[in-house]
Amino acid sequence: MMQILEFETTKTTELDMTRIAQMIDAGIDQIRKQTNSDCEVFVRLSSRSPKDAIYHLEEFPGLCKHKLKELENQEDMFSKLHAFYKASTEVLSVSSGLKATELMRKSSRIQGDLKMCLDVGETMNLIIREFVQFPVKNELRGFVNNGVFTALTQYNNLAFFPDHLETKEEVLQKVKEMMEQFIRAMEDVLSSFIVDIVLDNQGKAWVVEVNPFGELAGSCLFSWSKDRDVLIGDKEFEFRIAEEGPSLGFVRVSWILGCWKLLDLV
């Protein structure tokens, strides 16, 4: 279930975040009535989500430690990465407008998008969706070119989930069944796109968001330069998951912008 609210217009130059928080609370109430649940929600703009706000949340390091305690080998680097991944996903689920506006205030992505919106005089929408709980290993990215599902990859290129190898074919089958319907539904809108997908705790496939097909969207375990033939469909379909953990050096370089410091906390 989703609510879309007008968040910024060409006539508005200042935001009353209390008013926005109240609008979000109203959206949460409506979604909970529609789903007949006390679900939490995910809030984003029509451009991007506030996922970078996690680095500025006081509770985030503690949540990372809590998630690490749920895992068996707490000294293993990939367990720490797994805990970080779980925490960074869970912390974006909110149950109040106040918490949602905190994420937006602390997100450079959101502030940058709003500034651009004002600069070019475009309307920005605030989107409130039911937060669907899912194992982070089941976060995926798919590629569709000219109506053909060409490739699928795990979303996080640093994470290593050993049990992925056992469930790979089952996951692929569920995603292909969903994508067959989704591509048909999209054919009058977009024939080429990149789609983020999750499989929830019950194994149901959900579309998270759709991006234009091209190099502005990350390729995860693929490479736009090395694997272009696969991504555009000139080679056979591939589903890539990490079959072993990446090197420690690769992890250090990839997380140098802030994640590594947080991993030291756990």
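Here's a quick rundown of the structure. For clarity, every value in this text was computed on a predicted model and none was experimentally measured. (Residues numbered from 1 in each chain as written. Predicted model: local features only at pLDDT ≥ 70, side-chain atom pairs only at ≥ 80, totals over all residues. Heavy atoms only, no water.)

**What to know about the overall build of the protein chain**
Check the secondary structure of the protein chain and you find nine helices and eight strands. Looking at the protein chain as a whole, 46% of its 266 residues qualify as buried. For the protein chain, contacts bridging at least 24 residues in sequence account for 72% of all contacts bridging at least 6. Carbon together with sulfur atoms contributes 49% to the accessible area of the protein chain, which is approximately 14400 Å² in total. (Helix = DSSP H or I, 4+ residues; strand = E, 2+ residues; numbered from the N terminus. Buried < 20%, exposed > 50% of the residue type's maximum accessible area, 1.4 Å probe, protein only. Contact = heavy atoms within 4.5 Å. Areas by Shrake-Rupley, 256 points an atom, 1.4 Å probe, with all protein chains shown as cover.)

**Description of the environment of Leu 92**
Looking at the secondary structure, you find Leu 92 in the loop between α3 (77-90) and α4 (97-105). Judged by its relative accessible area of 9%, Leu 92 is buried. Taking the C-alpha atoms as reference points, Leu 92 and Asp 52, separated by 40 residues in sequence, lie 9.9 Å from one another. Setting aside residues up to four positions removed in sequence, Leu 92 forms contacts with Val 41, Phe 42, Pro 50, Lys 51, Ile 54, Leu 103 and Phe 131.

**Notes on the pairing of strand β5 (residues 148-154)**
Sheet faces and side chains relate simply in a regular strand, where the side chains alternate between the two faces. The buried fraction of β5 is high, at six of seven residues. By the bridge criterion, six bridges tie strand β4 (residues 139-145) to β5 in an arrangement that is antiparallel. Residue Gly 142 lies in a different strand from β5, and its bridge partner there is Leu 152. Counting the residues between successive antiparallel strands, the hairpin from β4 to β5 contains two residues, one of them, Asn 146, with a positive phi of roughly 55 degrees. In this structure, β5 lies alongside strand β8 (residues 238-240), joined through three bridges in parallel fashion. Paired with Ala 151 across the bridge in β8 is Glu 238. (Pairing = 2+ DSSP bridges.)

**A closer look at the environment of Tyr 155**
In this fold, Tyr 155 is placed in the loop between β5 and α6 (164-186). Spatially, the C-alpha atoms of Tyr 155 and Lys 137 are 8.4 Å apart, while their sequence positions differ by 18 residues. Ignoring any residue separated from it by four or fewer positions in sequence, one finds Tyr 155 in contact with Lys 51, Tyr 85, Glu 139, Leu 140, Arg 141, Asp 196 and Cys 220. Looking at Tyr 155, its side chain comes within polar contact range of the side chain of Lys 51, at 3.3 Å. (Polar contact = N/O pair within 3.5 Å; in protein donor to acceptor, adjacent residues only side chain to side chain.)

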